[in-house]
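Topology and contacts: notes
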Amino acid sequence: MTTPPPIDRPVPRASRPHLIYGGVEVALSIVVASATWAAWHSPWTTVLWTLLWLPVSHAIGLAAGFIMAAHGDPTPERRTPAGTNVAVWAYECAASILLLDLYQPWRSAAPLPAPSGPARPVAVLLLHGYGCNRAFWLRFSHHLADAGYPCDAINLGPLFGDIDGYASHIANAARALAERTRLPVVIVGHSMGGLAARACLQRYPTLPVAHTITLGSPHSGTLHARHGIGQNVRQMSIGSEWLAELARRETDTERARITSIYSFHDNVVYPVSTSVLPGAHNIALDRLGHVSLGTHPRARALVLETLERVAQGLRPNV
């Protein structure tokens, strides 16, 4: 057991890597606009391609990801009609373009809303996944606030670093949130964020964390890791020593305080069986992509139901 770091309330700061990414987006948009104008000398065509090149590129990349996932995980649950596949891809495109291409470069330091609904007995700490930042949760946090849950979100860095290296930052954020709200904390982690939460709680087992909810987390790794870069990607590879050690150190009691929500149609974490965490409360969804797990009403409803279940367990019997 490691002594938790001193409590220091996290101050939202802009994510420098994502600001750079945003700058690259702008620069490439200027290049596209210049090339389009030089080729057609049409204001409307220039505006159209300047606005569309990024979402079109993103949509093509996502289509390739879904195809790779289908070939890498030919399970019966993944088989759906072509129209359903298109609908899943379209929603994932909308969610990814909004969160990854717009929110993350420009709103990574945006404040989260204060709770406006009925008082709740837990607070929520939100952890993003690989390559992302806290802006991933901006839309989700509004729903939590409307339901009465105080929440916070942090940037995990370095972007391609060791997942164990995020532990002290997560511990600091959890303790700061608990101290500020005088409530126990539930961690909600998307993708890598769920693994980071598990690693943190093993290192700091006395944190005031009542439960952990993971969304599309590769608890046993993912084949998609072969397409990424960084130490954290290697840790998320199927069969990695890091994942094996994480599982070996975890007790049955710790697993019982984890809910793993995942999708049969995840385009990043596959095979889908890798999101199943033995001993945890596992909940499967269908027709949702990876980013969609952090935005879609069905996933959001399951998170709220789990928070209510945890809250009921914390309330004293009268």
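Throughout this description, residue numbers start from 1 for each chain and increase along the sequence as written. Note on the predicted model: pLDDT of at least 70 is required for a residue's local features to be given, and 80 or more for side-chain atom pairs to be given and counted; whole-chain, interface and lining totals, by contrast, use all residues. The side-chain quantities take in all heavy atoms of the structure and omit both hydrogens and water.

Our focus in this paragraph is unusual backbone geometry. For the bond running from G157 to P158, omega is 0 degrees, close enough to zero to count as cis. By the criteria applied, helices consist of DSSP H or I runs no shorter than four residues and strands consist of E runs no shorter than two, each listed in order from the N terminus. Checked against the element boundaries, P158 lands in the loop between β2 (151-154) and α5 (167-181). For R182, which is not glycine, the phi dihedral falls at a positive 60 degrees. Along the chain, R182 falls in the loop between α5 and β3 (185-190). With a phi angle near 55 degrees, S191 is a residue other than glycine that sits in the positive phi range. Along the chain, the position of S191 falls in the loop between β3 and α6 (192-203). The class of S191 is buried, set by a relative accessible area of 6%. Exposure classes here rest on a 1.4 Å probe applied to the protein chains alone. A residue is buried below 20% of its type maximum, exposed above 50%, and partly exposed in between.

As summarised here, the arrangement of the 6 strands in space is β2-β1-β3-β4-β5-β6, forming an open sheet in which the pairing is parallel. For this open sheet the edge positions go to β2 and β6 (281-285), each flanked by a neighbour on one side alone. Here the average twist between neighbouring strands, direction ignored, is 20 degrees. Looking at chain direction, strand β5 (residues 258-263) and β6 are connected through 5 bridges and run parallel. Residue pairing in the sheet places S263 in a bridge with L285 of β6. What makes two residues a contact is simply this: any of their non-hydrogen atoms within 4.5 Å. Helix axes are fitted only over the stretch in contact, all axes being lines through C-alpha atoms; the angle between N-to-C directions runs from 0 to 180 degrees. Across the sheet, helix α4 (residues 138-146) is in contact with β1 (123-127) and β2; its angle to β1 comes to roughly 170 degrees. Here α6 sits on the sheet in contact with β1, β3, β4 (209-215) and β5, set at roughly 140 degrees to β3. At least two bridges found by DSSP between two strands are what make those strands a pair.

The next point concerns the domain arrangement of the chain. Note: interface size is frequently given as the accessible area lost on complex formation between the parts. Boundaries between domains were set according to an automatic or database domain assignment. If you check the domain split of the chain, you get domain 1 (16-108) and domain 2 (123-314). For domain 1 versus domain 2, the distance between C-alpha centres works out to 25 Å. Counting residues at the interface gives 26 residues for domain 1, matched by 29 residues for domain 2. The buried area of a pairing is the accessible area, by a 1.4 Å probe, that goes missing from both parts when the two are put together, added over both. Summing the contributions of domain 1 and of domain 2, the shared interface buries around 2,300 Å²; its carbon and sulfur component is 63%. Whenever a carboxyl oxygen of Asp or Glu lies within 4 Å of a side-chain nitrogen of Lys or Arg, that contact is scored as a salt bridge. At the surface where domain 1 touches domain 2, the tally comes to 0 salt bridges.

UniProt positions are given in the numbering used here, feature names are shortened, and annotations may be inferred rather than shown by experiment. Mapped onto this structure's residue numbering, the UniProt feature "transmembrane region" (unreviewed entry) falls at residues 19-40 and 46-69. Along residues 19-40 one finds 100% helix and 0% strand; the C-alpha atoms at either end are 31 Å apart.

Our next topic: the pairing of β2. Side chains C151 and A153 project from β2 onto one buried face, and the interleaved D152 and I154 project onto a second face that is buried too. Sheet topology places β1 next to β2; 4 bridges connect them, and they run parallel. Within β2, the position partnered with L127 by the bridge is I154. Orient the strands so they point away from the viewer; a crossover is then right-handed if the path from the first strand over the helix to the second runs clockwise. In the classification by handedness, the crossover that spans β1, the intervening α4 and the parallel β2 is right-handed.

Moving on, we get to the side chain of Q104. Following the sequence through the fold, Q104 ends up in helix α3 (residues 82-106). Accessibility expressed as a relative area gives 2% for Q104, which makes it buried. Not counting residues within four places of it along the chain, the set of residues in contact with Q104 comprises H18, L99, G131, C132, N133, A135 and F136.

Our next topic: the packing of aromatic side chains. We call Phe, Tyr and Trp rings a pair once their centres come within 6.5 Å, taking the six-membered ring for Trp, and we label the pair stacked below 30 degrees between planes, edge-to-face above 60, and tilted otherwise. Considering all chains together, one arrives at 4 aromatic pairs under this definition. Relative to W137, the ring of F136 has its centre 5.1 Å away and its plane inclined at 80 degrees; by these criteria the two rings are edge-to-face. Here F136 matches W137 in class, with each residue buried. Ring geometry for Y262 against F264: centres 6.2 Å apart, planes inclined by 90 degrees, an arrangement best described as edge-to-face. Relative accessible area serves as the criterion here: at 22%, F264 is assigned to the partly exposed category. An aromatic cluster is present here, built from F136, W137 and F140 joined pairwise through their rings. Note on criteria: charge over ring means Lys NZ or Arg CZ within 6 Å of the ring centre, with the direction from the centre no more than 35 degrees off the ring normal. One residue, R107, lies across the ring of Y103, its end atom 5.3 Å from the ring centre.

With that out of the way, let us pick up the UniProt feature "domain: AB hydrolase-1" (unreviewed entry) in the chain. Following the UniProt record, one finds the feature "domain: AB hydrolase-1" (unreviewed entry) at residues 124-245. Taken end to end, residues 124-245 comprises 38% helix and 17% strand; its first and last C-alpha atoms sit 27 Å apart.

Before going further, it helps to spend a moment on the pairing of β1. Most of β1 sits inside the fold, with 5 of its 5 residues counted as buried. Pairing of β1 with β3 involves 5 bridges; the strand directions are parallel. Looking at β3, one finds that V124 is bridged to V186.

Our focus in this paragraph is the packing of α5 against α6. Direction vectors running N to C along α5 and α6 enclose 80 degrees, while the axes themselves pass 9 Å from each other. With respect to their mutual orientation, α5 and α6 come out roughly perpendicular. Where α5 approaches α6, its residues A167, I170 and A171 are matched on the opposing element by A196, A197, C200 and R203. Here the term charged refers only to Asp, Glu, Lys and Arg, the term nonpolar to Ala, Val, Leu, Ile, Met, Phe, Trp, Tyr, Cys and Pro, and the term polar to all other amino acids, Gly among them. A breakdown of the residues in the contact of α5 with α6 according to their chemical character gives 6 nonpolar, no polar and 1 charged. Each angle receives one of four descriptions, namely roughly parallel if under 35 degrees, roughly antiparallel if over 145, roughly perpendicular if within 65 to 115, and oblique otherwise.

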